[in-house]
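# Survey of secondary and tertiary structure
Here's the letter readout for the chains.
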Amino acid sequence: MKKINIAEILRMKNEERKITCITAYDYTSAALVGRSGIDLILVGDSASMVVLGYQTTIPVGIDEMILFSKAVTRGNKGSLIVGDMPFMSYQASDEDAVRNGGKFVKEGGVDAVKIEGGIKMKSRVEALTNAKIPVMGHVGLMPQTSPLWSGYRVQGRTDKTAKEVIKDAIAIEEAGAFAVVLEMVTSEVAKIITEKLSIPTIGIGSGPDCDGQIVVFHDILGLYDKFTPKFIKKYANLGEEIQKSLESYRDEVINGKFPAEENTFHMKDHKTNPPLKRRIIKNTR
Ligand code: KIV
(Lines give C-alpha, C1' and ligand atoms only; values in the text may rest on other atoms or scores of the structure.)
Protein backbone atom coordinates (compact mmCIF):
# COMPACT_ATOMS: atom_id res chain seq x y z
CA MET A 1 0.00 0.00 0.00
CA LYS A 2 1.35 3.44 -0.96
CA LYS A 3 1.95 5.75 2.00
CA ILE A 4 -0.51 8.66 2.14
CA ASN A 5 1.11 12.07 2.61
CA ILE A 6 -0.14 15.58 3.38
CA ALA A 7 -0.21 16.54 -0.32
CA GLU A 8 -2.60 13.64 -0.98
CA ILE A 9 -4.89 14.73 1.88
CA LEU A 10 -5.04 18.27 0.39
CA ARG A 11 -5.65 16.83 -3.09
CA MET A 12 -8.58 14.82 -1.75
CA LYS A 13 -10.34 18.05 -0.72
CA ASN A 14 -9.72 19.62 -4.12
CA GLU A 15 -11.04 16.53 -5.88
CA GLU A 16 -13.99 16.26 -3.48
CA ARG A 17 -12.98 12.78 -2.31
CA LYS A 18 -14.00 12.13 1.30
CA ILE A 19 -11.13 11.65 3.77
CA THR A 20 -11.55 8.68 6.14
CA CYS A 21 -9.94 8.88 9.58
CA ILE A 22 -10.02 6.84 12.78
CA THR A 23 -8.03 6.59 16.00
CA ALA A 24 -5.69 3.71 16.88
CA TYR A 25 -3.35 3.16 19.80
CA ASP A 26 -1.58 -0.16 19.21
CA TYR A 27 0.08 -2.39 16.61
CA THR A 28 -2.84 -4.78 16.01
CA SER A 29 -5.56 -2.18 15.54
CA ALA A 30 -3.28 0.00 13.39
CA ALA A 31 -2.65 -3.00 11.11
CA LEU A 32 -6.40 -3.66 10.84
CA VAL A 33 -6.99 -0.01 9.96
CA GLY A 34 -4.28 -0.23 7.30
CA ARG A 35 -5.90 -3.29 5.70
CA SER A 36 -9.26 -1.48 5.60
CA GLY A 37 -7.83 1.33 3.46
CA ILE A 38 -8.62 4.17 5.87
CA ASP A 39 -6.58 7.27 4.96
CA LEU A 40 -5.53 8.70 8.31
CA ILE A 41 -4.88 7.39 11.82
CA LEU A 42 -4.98 9.70 14.80
CA VAL A 43 -3.09 8.37 17.81
CA GLY A 44 -5.68 10.23 19.87
CA ASP A 45 -5.43 11.40 23.45
CA SER A 46 -8.76 9.56 23.80
CA ALA A 47 -6.31 6.75 24.69
CA SER A 48 -6.42 8.35 28.13
CA MET A 49 -10.03 7.09 28.46
CA VAL A 50 -10.38 4.05 26.22
CA VAL A 51 -6.95 2.51 26.84
CA LEU A 52 -5.80 3.83 30.21
CA GLY A 53 -9.24 4.08 31.84
CA TYR A 54 -9.14 7.70 33.03
CA GLN A 55 -12.35 9.79 33.17
CA THR A 56 -11.06 12.43 30.73
CA THR A 57 -8.28 13.03 28.20
CA ILE A 58 -6.39 15.26 30.65
CA PRO A 59 -4.10 12.76 32.48
CA VAL A 60 -2.31 11.09 29.55
CA GLY A 61 1.27 12.33 29.07
CA ILE A 62 3.58 12.84 26.10
CA ASP A 63 5.72 9.77 26.84
CA GLU A 64 2.66 7.50 26.95
CA MET A 65 1.42 9.01 23.67
CA ILE A 66 4.82 8.38 22.10
CA LEU A 67 4.74 4.73 23.23
CA PHE A 68 1.30 4.27 21.60
CA SER A 69 2.58 5.99 18.44
CA LYS A 70 5.59 3.67 18.17
CA ALA A 71 3.25 0.66 18.17
CA VAL A 72 0.88 2.26 15.64
CA THR A 73 3.65 3.25 13.22
CA ARG A 74 5.04 -0.30 13.37
CA GLY A 75 1.60 -1.70 12.52
CA ASN A 76 0.61 0.62 9.68
CA LYS A 77 2.80 1.78 6.82
CA GLY A 78 0.09 3.19 4.54
CA SER A 79 -2.11 5.67 6.41
CA LEU A 80 -1.02 9.18 7.37
CA ILE A 81 -0.34 8.98 11.11
CA VAL A 82 -1.06 11.98 13.30
CA GLY A 83 0.00 12.18 16.95
CA ASP A 84 -2.36 13.99 19.30
CA MET A 85 -0.41 16.33 21.59
CA PRO A 86 -1.72 15.78 25.12
CA PHE A 87 -2.83 18.41 27.61
CA MET A 88 0.01 20.68 28.80
CA SER A 89 2.48 19.42 26.21
CA TYR A 90 1.98 22.63 24.17
CA GLN A 91 -0.33 25.03 26.04
CA ALA A 92 2.38 26.85 28.03
CA SER A 93 4.58 28.13 25.19
CA ASP A 94 5.55 27.90 21.53
CA GLU A 95 8.85 26.38 22.68
CA ASP A 96 7.04 23.55 24.51
CA ALA A 97 4.95 22.92 21.41
CA VAL A 98 8.02 22.61 19.16
CA ARG A 99 10.02 20.53 21.67
CA ASN A 100 7.20 18.04 22.30
CA GLY A 101 6.00 18.06 18.70
CA GLY A 102 9.56 17.30 17.58
CA LYS A 103 9.80 14.47 20.11
CA PHE A 104 6.54 13.01 18.82
CA VAL A 105 7.88 12.96 15.25
CA LYS A 106 11.43 11.81 16.10
CA GLU A 107 10.62 9.16 18.72
CA GLY A 108 7.00 8.25 17.97
CA GLY A 109 7.50 8.23 14.21
CA VAL A 110 4.27 10.16 13.49
CA ASP A 111 3.87 12.16 10.26
CA ALA A 112 2.13 15.15 11.87
CA VAL A 113 0.73 16.36 15.19
CA LYS A 114 -2.67 17.66 16.28
CA ILE A 115 -3.31 20.39 18.81
CA GLU A 116 -6.59 21.74 20.20
CA GLY A 117 -7.47 25.44 20.09
CA GLY A 118 -8.35 28.26 17.70
CA ILE A 119 -7.23 31.90 17.68
CA LYS A 120 -5.46 31.54 21.03
CA MET A 121 -3.31 28.67 19.71
CA LYS A 122 -2.45 30.41 16.42
CA SER A 123 1.16 31.05 17.40
CA ARG A 124 1.61 27.37 18.40
CA VAL A 125 0.50 26.23 14.96
CA GLU A 126 2.84 28.78 13.38
CA ALA A 127 5.77 27.71 15.57
CA LEU A 128 5.24 24.04 14.70
CA THR A 129 4.85 24.63 10.97
CA ASN A 130 7.90 26.95 10.98
CA ALA A 131 9.78 24.00 12.50
CA LYS A 132 8.48 21.94 9.54
CA ILE A 133 6.17 19.80 11.69
CA PRO A 134 2.81 19.43 9.92
CA VAL A 135 -0.12 20.38 12.14
CA MET A 136 -3.75 19.37 12.23
CA GLY A 137 -5.90 21.86 14.18
CA HIS A 138 -8.90 21.01 16.34
CA VAL A 139 -11.70 23.50 17.05
CA GLY A 140 -15.31 23.43 18.26
CA LEU A 141 -15.53 21.18 21.31
CA MET A 142 -12.07 20.80 22.81
CA PRO A 143 -12.06 17.76 25.12
CA GLN A 144 -8.77 18.67 26.84
CA THR A 145 -10.23 21.80 28.40
CA SER A 146 -14.04 21.59 28.13
CA PRO A 147 -14.41 19.38 31.26
CA LEU A 148 -12.60 22.13 33.22
CA TRP A 149 -14.97 24.89 32.01
CA SER A 150 -18.34 24.05 30.51
CA GLY A 151 -18.54 20.26 29.95
CA TYR A 152 -19.08 18.52 26.61
CA ARG A 153 -21.47 20.76 24.66
CA VAL A 154 -22.45 21.18 21.01
CA GLN A 155 -20.66 24.23 19.56
CA GLY A 156 -22.09 26.92 17.26
CA ARG A 157 -25.79 26.76 18.06
CA THR A 158 -26.19 30.57 18.18
CA ASP A 159 -24.95 33.29 15.79
CA LYS A 160 -22.40 34.45 18.37
CA THR A 161 -20.88 31.04 19.05
CA ALA A 162 -21.06 30.13 15.34
CA LYS A 163 -18.90 33.17 14.53
CA GLU A 164 -16.40 32.18 17.22
CA VAL A 165 -15.95 28.68 15.81
CA ILE A 166 -15.64 30.04 12.25
CA LYS A 167 -12.98 32.57 13.35
CA ASP A 168 -11.07 29.82 15.18
CA ALA A 169 -11.03 27.61 12.09
CA ILE A 170 -9.87 30.49 9.86
CA ALA A 171 -7.06 31.34 12.32
CA ILE A 172 -5.83 27.73 12.22
CA GLU A 173 -5.76 27.73 8.43
CA GLU A 174 -3.94 31.09 8.36
CA ALA A 175 -1.36 29.73 10.82
CA GLY A 176 -0.43 26.96 8.38
CA ALA A 177 -2.33 23.84 9.52
CA PHE A 178 -2.90 21.24 6.79
CA ALA A 179 -6.35 20.22 8.13
CA VAL A 180 -8.69 20.98 10.98
CA VAL A 181 -10.89 18.74 13.11
CA LEU A 182 -14.34 20.16 13.86
CA GLU A 183 -15.73 18.47 16.96
CA MET A 184 -19.43 18.61 17.82
CA VAL A 185 -20.03 21.68 15.69
CA THR A 186 -23.56 22.18 14.32
CA SER A 187 -23.81 20.87 10.76
CA GLU A 188 -24.75 24.33 9.42
CA VAL A 189 -21.59 25.92 10.82
CA ALA A 190 -19.41 22.96 9.78
CA LYS A 191 -20.69 23.39 6.19
CA ILE A 192 -19.85 27.11 6.19
CA ILE A 193 -16.34 26.39 7.47
CA THR A 194 -15.81 23.59 4.95
CA GLU A 195 -16.78 25.89 2.08
CA LYS A 196 -14.67 28.77 3.39
CA LEU A 197 -11.39 26.95 4.07
CA SER A 198 -8.99 25.64 1.48
CA ILE A 199 -7.66 22.99 3.91
CA PRO A 200 -9.80 19.92 4.67
CA THR A 201 -12.23 19.86 7.57
CA ILE A 202 -12.45 16.55 9.42
CA GLY A 203 -15.71 16.23 11.34
CA ILE A 204 -16.56 14.33 14.49
CA GLY A 205 -20.19 14.91 15.40
CA SER A 206 -20.29 17.81 12.92
CA GLY A 207 -22.60 16.52 10.20
CA PRO A 208 -22.10 15.15 6.70
CA ASP A 209 -20.65 18.15 4.86
CA CYS A 210 -17.11 18.07 6.26
CA ASP A 211 -14.36 16.98 3.87
CA GLY A 212 -13.70 13.91 6.01
CA GLN A 213 -14.86 12.12 9.14
CA ILE A 214 -13.03 10.84 12.20
CA VAL A 215 -14.25 8.46 14.91
CA VAL A 216 -12.80 6.73 17.95
CA PHE A 217 -11.95 3.07 17.14
CA HIS A 218 -13.49 1.74 20.38
CA ASP A 219 -16.74 3.71 19.85
CA ILE A 220 -17.68 2.40 16.41
CA LEU A 221 -16.69 -1.17 17.25
CA GLY A 222 -18.61 -1.32 20.53
CA LEU A 223 -15.51 -1.77 22.69
CA TYR A 224 -16.03 1.10 25.14
CA ASP A 225 -19.17 0.88 27.24
CA LYS A 226 -18.88 3.89 29.59
CA PHE A 227 -20.93 6.04 27.18
CA THR A 228 -21.65 6.36 23.48
CA PRO A 229 -22.08 9.85 22.04
CA LYS A 230 -25.20 10.53 19.91
CA PHE A 231 -23.05 11.11 16.83
CA ILE A 232 -21.59 7.59 16.93
CA LYS A 233 -22.82 4.73 14.80
CA LYS A 234 -21.82 1.28 16.07
CA TYR A 235 -20.63 -0.94 13.22
CA ALA A 236 -20.05 -3.93 15.52
CA ASN A 237 -20.54 -5.08 19.06
CA LEU A 238 -17.07 -6.48 19.64
CA GLY A 239 -17.26 -5.91 23.40
CA GLU A 240 -20.10 -8.44 23.63
CA GLU A 241 -18.35 -10.86 21.25
CA ILE A 242 -15.14 -10.72 23.27
CA GLN A 243 -17.03 -11.17 26.53
CA LYS A 244 -18.77 -14.31 25.18
CA SER A 245 -15.49 -15.72 23.89
CA LEU A 246 -13.72 -15.17 27.21
CA GLU A 247 -16.54 -16.90 29.07
CA SER A 248 -16.36 -19.90 26.70
CA TYR A 249 -12.59 -20.11 27.23
CA ARG A 250 -13.01 -20.03 31.01
CA ASP A 251 -15.75 -22.72 30.90
CA GLU A 252 -13.69 -24.99 28.65
CA VAL A 253 -10.64 -24.79 30.89
CA ILE A 254 -12.76 -25.61 33.93
CA ASN A 255 -14.53 -28.58 32.30
CA GLY A 256 -11.37 -29.94 30.61
CA LYS A 257 -12.39 -29.24 26.98
CA PHE A 258 -9.44 -26.94 26.38
CA PRO A 259 -6.72 -27.69 25.44
CA ALA A 260 -8.04 -30.43 23.14
CA GLU A 261 -5.96 -33.03 21.26
CA GLU A 262 -5.34 -30.60 18.36
CA ASN A 263 -3.88 -28.01 20.75
CA THR A 264 -1.47 -30.46 22.38
CA PHE A 265 2.16 -31.44 21.65
CA HIS A 266 3.51 -35.02 22.16
CA MET A 267 6.85 -36.73 22.45
CA LYS A 268 7.88 -38.56 19.26
CA ASP A 269 7.46 -42.05 20.75
CA HIS A 270 4.76 -41.45 23.30
CA LYS A 271 2.72 -44.43 22.06
CA THR A 272 5.55 -47.04 22.28
CA ASN A 273 6.50 -49.32 25.19
CA PRO A 274 7.75 -49.44 27.88
CA PRO A 275 5.04 -47.16 29.27
CA LEU A 276 6.26 -43.60 29.06
CA LYS A 277 5.84 -42.57 32.65
CA ARG A 278 7.81 -45.55 33.99
CA ARG A 279 10.60 -45.06 31.40
CA ILE A 280 11.10 -41.35 32.08
CA ILE A 281 10.97 -41.70 35.82
CA LYS A 282 13.51 -44.52 35.58
CA ASN A 283 15.88 -42.43 33.37
CA THR A 284 15.73 -39.37 35.57
CA ARG A 285 16.66 -41.17 38.78
O1 KIV B 1 -8.35 11.95 20.79
C2 KIV B 1 -9.28 11.80 19.98
O3 KIV B 1 -9.83 10.71 19.86
C4 KIV B 1 -9.70 12.96 19.20
C5 KIV B 1 -10.87 12.88 18.25
C6 KIV B 1 -10.83 13.97 17.27
C7 KIV B 1 -11.15 11.64 17.58
O8 KIV B 1 -9.11 13.98 19.34
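In short, a report on the structure.

Conventions we followed
- Throughout this description, residue numbers start from 1 for each chain and increase along the sequence as written.
- Only residues with pLDDT of 70 or above have their local features reported here, since the model is predicted, and side-chain atom pairs are shown and tallied only from 80 upward, although totals for entire chains, interfaces and linings are computed over all residues.
- Side-chain measures were taken over the full set of non-hydrogen atoms in the model, leaving aside hydrogen atoms and water.
- Salt bridges, as used here, are contacts in which a Lys or Arg side-chain nitrogen is within 4 Å of a carboxyl oxygen on Asp or Glu.
- To qualify as a helix, a DSSP run of H or I must reach at least 4 residues; to qualify as a strand, a run of E must reach at least 2; elements of each kind are numbered from the N terminus.
- Exposure is judged per residue with a 1.4 Å probe applied to protein chains only, and the accessible area is read against the type maximum: over 50% gives exposed, under 20% gives buried, and values in between give partly exposed.
- A 3.5 Å cut-off defines polar contacts: any pair of N or O atoms within that distance qualifies, except that in protein one atom must be a possible hydrogen donor and the other a possible acceptor, and neighbouring residues in sequence count only when both atoms are side-chain atoms.
- Any two residues having at least one pair of non-hydrogen atoms within 4.5 Å are treated as being in contact.
- Patch definition: residues above 30% relative accessible area lacking any salt bridge, with like charges linked at up to 9 Å and the nonpolar side chains Val, Leu, Ile, Met, Phe, Trp and Tyr linked at up to 5 Å.
- Where accessible areas are quoted, they stem from the Shrake-Rupley method and a 1.4 Å probe; at the residue level, only the protein chains shown are allowed to cover.
- Here the rule is simple: two strands pair whenever DSSP picks up at least two bridges between them.
- In this scheme, a helix's expected span is set at 1.5 Å multiplied by one less than its residue total.
- As used in this record, nonpolar core signifies buried Ala, Val, Leu, Ile, Met, Phe, Trp, Tyr and Cys residues forming a set joined through side-chain atoms within 4.5 Å.

### Looking at the pattern of salt bridges
Applying the stated rule across the entire model yields 14 salt bridges. Among the ionic pairs, Lys122 bridges to Glu174, the shortest N-O distance being 3.0 Å. In this pair, Lys122 is assigned in helix H6 (residues 122-130) and Glu174 in helix H8 (residues 159-175), connecting sequence segments 52 residues apart. Relative accessible area serves as the criterion here: at 54%, Glu174 is assigned to the exposed category. Overlapping salt bridges, with partners in common, bring together Glu8, Arg11, Glu15 and Arg17 in one network.

### As for the side chain of Ser89
Counting through the fold element by element, Ser89 comes out in the loop between strand S3 (80-84) and helix H5 (94-108). Overall, Ser89 belongs to the buried group, its relative accessible area being 3%. Engagement of the side chain of Ser89 in a polar contact is seen with the backbone oxygen of Pro86, the distance being 2.7 Å. In this structure Ser89 touches Ile62, Asp96, Ala97 and Asn100, once residues within four positions along its chain are discounted.

### Side note on unusual backbone geometry
Residue Phe258 is joined to Pro259 through a cis peptide bond whose omega torsion reads 0 degrees. By the element assignment, Pro259 lies in the loop between helix H11 (238-254) and helix H12 (276-284). A positive phi angle, close to 70 degrees, is found at Met88, a residue other than glycine. Take Met88: its relative accessible area is 45%, and that puts it in the partly exposed class. Backbone geometry at Met184 places phi at a positive 45 degrees, although glycine is not the residue there.

### Some details on a nonpolar patch on the surface
On the surface, a nonpolar cluster with roughly 310 Å² of combined accessible area is contributed by Leu223, Leu238, Ile242 and Leu246. Along the chain, Ile242 falls in helix H11. For Ile242, a relative accessible area of 43% corresponds to the partly exposed category.

### Regarding the pairing of S3
Across the five residues of S3, five count as buried, placing the element largely inside the fold. Of the two faces of S3, the one holding Leu80, Val82 and Asp84 and the one holding Ile81 and Gly83 are both buried throughout. Looking at chain direction, strand S2 (residues 40-43) and S3 are connected through four bridges and run parallel. Bridged to Leu42 within S3 is Val82. Bridge count for S3 against strand S4 (residues 112-114) is three bridges, and the pairing is parallel. Among the inter-strand pairings, Gly83 is bridged to a residue of S4, identified as Val113.

### Things to note about H5
Compared with the 21 Å implied by 1.5 Å per residue over 15 residues, the 20 Å span of H5 between its first and last C-alpha is a close match. Within H5, burial applies to Asp96, Ala97, Asn100, Gly101, Gly102, Phe104 and Gly108. The positive-phi residue at the C-terminal boundary of H5 is Gly109, with phi of around 80 degrees.

### Description of the nonpolar core
Grouped together as the largest cluster of nonpolar side chains are 52 residues, with contacts concentrated most on Ile41, Phe104, Val113, Ile115, Leu182 and Ile193. In terms of residues, this core owes the most to one element, H8, which gives six residues. When residues no more than four places from it in sequence are discounted, the contact partners of Val113 are Val82, Gly83, Met85, Gly101, Phe104, Leu128, Ile133, Pro134, Val135 and Met136. Listed in part, the 18 residues of the second largest apolar core include Leu42, Ala179, Val181 and Ile204.

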